[in-house]
Structures are given as structure tokens and as C-alpha cells.
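# Geometric and topological summary
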Protein chains: 2
Amino acid sequence: MDRIPILKLGDALLVTIQVDMHDQLATALEEDLTEKIVAVEARGVLIDISALEIVDSFMGRMLDNIAAVSRILDAETVVVGMRPSVAITLVELGLSLSGVKTALNVERGMAFLQRRLEAAGVGGEDAGADDDG
Amino acid sequence: MDRIPILKLGDALLVTIQVDMHDQLATALEEDLTEKIVAVEARGVLIDISALEIVDSFMGRMLDNIAAVSRILDAETVVVGMRPSVAITLVELGLSLSGVKTALNVERGMAFLQRRLEAAGVGGEDAGADDDG
């Protein structure tokens, strides 16, 4: 596989990482993601890493990088589905993913992005007169 | 990788297939999927195959199988993101996926499931008084 699929879900993009990332795949993902953020005017990026048993420093940096680039394009990145052991490893590696928002699963990540959009007055699929934020 | 992650999105489950399926992985996916349908009371299953450049008869049978099992558990299966070349190959192989609903992308698949739930009077996240179906 040379490309990781990026799925559009409302105002967000969803990426499910299932394989170990190597240099080329990571670069391709970053490129594809930035292009797609602009193409579909995405406001958020959800990265599901529930399939990963190990997250090394390379992967940690990649997540940080994606979050930084997305932020410049005005899209928030949420990493979802992290296993407890991965969280422990990341902290042990000194990678606290400070620039990345995390959520327990895709639904919570989606809800976070939705709330953020509503607070910003952008509104997603069902944005109503919700101005008490 | 020995497991394909299954993500919960509202009333549906989302599976993104990114790697070639072999026997064991397919069996594991079917088992995991059926267990998760029951566990979270899912009403739909979305299978994204946009990453696949080739779908052989094994994969075609697996999709048919998943759809059949899900249907017995009262969950509709929608295969999304199929490439044009894959559609051609499937028909040439004599696999018309007659038991499987397809949609162009995840959003359309999701919308289809939502409409179906509303028509059945189950209602999803934002089911209103939408009874004109």
C-alpha cells in the first residue's frame, strides 16, 4: 500500500492508521491530508490509531507535524483510539503530543470538533441557534 | 497487523480496509464485526474499500458474507469508496455483490443508513418528525 485513505465525514477528515508508518508513507499522508483539507474545506482531522500497538518517536513526530500543518490550514487535529500502553510509551519517550488534542474514540473526537465549530460560529451539519458557548 | 479496527459512528460501524485480506484476517474481521454489532447495537456497517486497487473473488465473497451475517443481526452493510476499475473487475469475475448495498463515499453511505433508520422509525442522532418516507 502506498497511500492511506482519507475519508470525509461532515466537516472533518478521518484517517485510520493500521500499518507501521515508514518515511515515504508518512510524507504521502501529510501531502494528501493537506491537499484534502484545502479541497474539501475541512475544519478538523481525526486520526484513529486504535490499531497501533506501538507508537515510536517517528510516529509521534508525524502526528505532531500533521497537527501543526493542519492548524496553519485552520483545521484542528484530534488523535483518537490510543491504547493505554501507547500513552505510557509516548510519555516515556518524552513525547507528550502537546500540540495534539486527543479523544477516547472517534465519536468523542467528532463531538469535540463539532462543539469547537459551533463555538466558533461556523456550524456543521446541524448547526442551529446554539450561541450559548 | 492481526486485527482491522472497527470504529463506531453513531448507529453505524465503520471499517476501512487498507491491506490485502488473507483467510485469518477476514475471519477475525467477521468475528469482531458481529460481536461489535451486538455490543453497541449497531444498525449499519460501512466498509470503505477506497484503498483497494484490486478486489479478488475472495474479497468479494468476504463482503457478501459480512453483509449476510450483519443482515441477520439487523444491520445493513454498505460498501463505500469502490474504485471504478474494481467495479469492472467484480462484474468480470461474476461477482455483482447483489446482497450488498454500495455508495460512492462514506458520507453517502452514512446518509443512506440514516434515511433507512428514519424510515424504520428507529431514529439516529437527530431523528425528528421526519415521517414522510
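Numbers given to residues run from 1 along each chain, matching the order in which its sequence is written. Each chain takes a letter, starting from A, and each ligand takes a number, starting from 1, following the order in which they are written. The model is predicted, so local features are restricted to residues of pLDDT at least 70 and side-chain atom pairs to those at 80 or more, both for listing and for counting; the totals for chains, interfaces and linings are taken over all residues. To get the side-chain values, take all heavy atoms of the structure and skip hydrogens and water.

Residue and element names in this part refer to chain A. Each residue is assigned to one of three classes by its accessible area relative to the maximum for its type, calculated with a 1.4 Å probe on protein chains only: buried under 20%, partly exposed between the two thresholds, exposed over 50%. Helical segments are the DSSP runs of H or I of at least four residues, strand segments are the runs of E of at least two, and each set is numbered from the N terminus. Buried residues dominate strand E3 (residues 44-48), accounting for five of its five residues. The alternating pattern of E3 places Gly44, Leu46 and Asp48 on one face and Val45 and Ile47 on the opposite face, and all of these are buried. Should DSSP find at least two bridges between two strands, the strands are regarded as paired. Where strand E2 (residues 12-16) meets E3, five bridges bridge the pair, whose relative direction is parallel. Looking across to E3, one finds that alanine 12 is bridged to glycine 44. Where E3 meets strand E4 (residues 76-80), five bridges bridge the pair, whose relative direction is parallel. The residue bridging aspartate 48 from the neighbouring strand is valine 80, located in E4. Looking down the strands as they point away from you, a crossover is right-handed if its path from the first strand over the helix to the second goes clockwise. Handedness of the crossover joining E3 and E4 through helix H2 (residues 57-72): right-handed.

A score from 0 to 100, pLDDT tells how confident the predictor is in each residue. Per-chain confidence: chain A averages 88 in pLDDT, with 90% of residues scoring 70 or above. Here the prediction assigns the complex a pTM of 0.84, and the interface score ipTM is 0.80.

Residues and elements named next belong to chain B. Reading across from one edge, E1-E2-E3-E4-E5 is the order of the five strands in this open sheet, with mixed pairing throughout. Unpaired on one side and paired on the other, strand E1 (6-9) and strand E5 (101-103) mark the two borders of the sheet. Sheet twist, expressed as the average angle between the axes of neighbouring strands with direction ignored, equals 25 degrees. Against the sheet, helix H1 (residues 23-40) engages E1, strand E2 (12-16) and strand E3 (44-48), with an angle of about 160 degrees to E2. With axes taken as lines fitted to C-alpha atoms, and helix axes fitted only over the stretch in contact, angles between N-to-C directions fall between 0 and 180 degrees. Working rule for contacts: check all heavy atoms of both residues, and any pair within 4.5 Å makes them a contact.

Residue and element names in this part refer to chain B. Looking at the secondary structure, you find glutamate 76 in strand E4 (residues 76-80). By the criterion applied in these results, polar contacts are pairs of N or O atoms within 3.5 Å in which, for protein atoms, one can donate a hydrogen and the other can accept it, and in which residues neighboring in sequence qualify only through two side-chain atoms. Of the polar contacts made by the side chain of glutamate 76, one reaches the side chain of arginine 116; its length is 3.1 Å. Setting aside its immediate chain neighbours within four residues, glutamate 76 contacts Arg43, Gly44, Val45, Lys101, Phe112, Leu113 and Arg116.

On to a nonpolar patch on the surface, then. All names here are of chain A. Patches here are clusters of residues that have more than 30% relative accessible area and form no salt bridge, with a 9 Å joining cutoff for like charges and a 5 Å cutoff for nonpolar side chains (Val, Leu, Ile, Met, Phe, Trp, Tyr). With residues, only the protein chains shown are counted as cover, and all accessible areas are computed by Shrake-Rupley using a 1.4 Å probe. For this analysis, a salt bridge means a side-chain nitrogen from Lys or Arg found within 4 Å of a carboxyl oxygen belonging to Asp or Glu. Taken together, the side chains of Val38, Val69 and Leu73 present a nonpolar region at the surface, about 210 Å² in accessible area. Position of valine 38 among the secondary structure elements: in helix H1 (residues 23-40). A residue is classified by how much of its surface remains accessible, and valine 38, at 53% relative accessible area, is exposed.

Residue and element names in this part refer to chain A. In this analysis the probe radius is 1.4 Å and the grid spacing 1 Å, with only protein atoms considered; a cavity is a set of points the probe fits into but cannot get out of, a pocket is an open set with protein on both sides within 12 Å along at least five of seven lines, and lining residues have an atom within 4 Å of a point. Grid points are joined across faces, edges and corners, and a volume is the space filled by probe spheres set on the points. Roughly 510 Å³ of internal volume is contained in the second largest pocket. Lining the second largest pocket are 30 residues, and of these Ser50, Ala51, Leu52, Glu53 and Arg83 lie nearest its centre. Each residue is assigned to one class: nonpolar for Ala, Val, Leu, Ile, Met, Phe, Trp, Tyr, Cys and Pro, charged for Asp, Glu, Lys and Arg, and polar for all the others, Gly among them. Among the residues making up the lining of the second largest pocket, the classes are represented as 16 nonpolar, four polar and ten charged.

Copy-to-copy superposition: least squares on the C-alpha atoms, limited to residues that have pLDDT of at least 70 in both copies. The transform that puts chain A on chain B rotates by 180 degrees and translates by 0.0 Å along the axis, for an RMSD of 0.0 Å. Between the two chains, the operation in question is that of a two-fold axis. Residue by residue, 100% of the interface of chain A is reproduced at the interface of chain B, so both copies engage with the same surface.

Phi at A:Asp74 takes a positive value of approximately 65 degrees, unusual for a residue other than glycine. Along the chain, the position of A:Asp74 falls in the loop between H2 and E4.

In this section: the sheet that holds strand E5 (residues 101-103) of chain A. All names here are of chain A. Taken in spatial order, the five strands of this open sheet run E1-E2-E3-E4-E5, and their pairing is mixed. Here the strands that pair on one side only, and so sit at the sheet edges, are strand E1 (6-9) and E5. Strand-to-strand twist across the sheet, computed as the mean angle between neighbouring axes with direction ignored, equals 25 degrees. The pairing of E4 with E5 spans three bridges and is classified as parallel. Within the sheet, the bridge partner assigned to valine 80 lies in E5 and is alanine 103. Here H2 sits on the sheet and contacts E3 and E4; the angle it forms with E4, its principal contact strand, is near 150 degrees.

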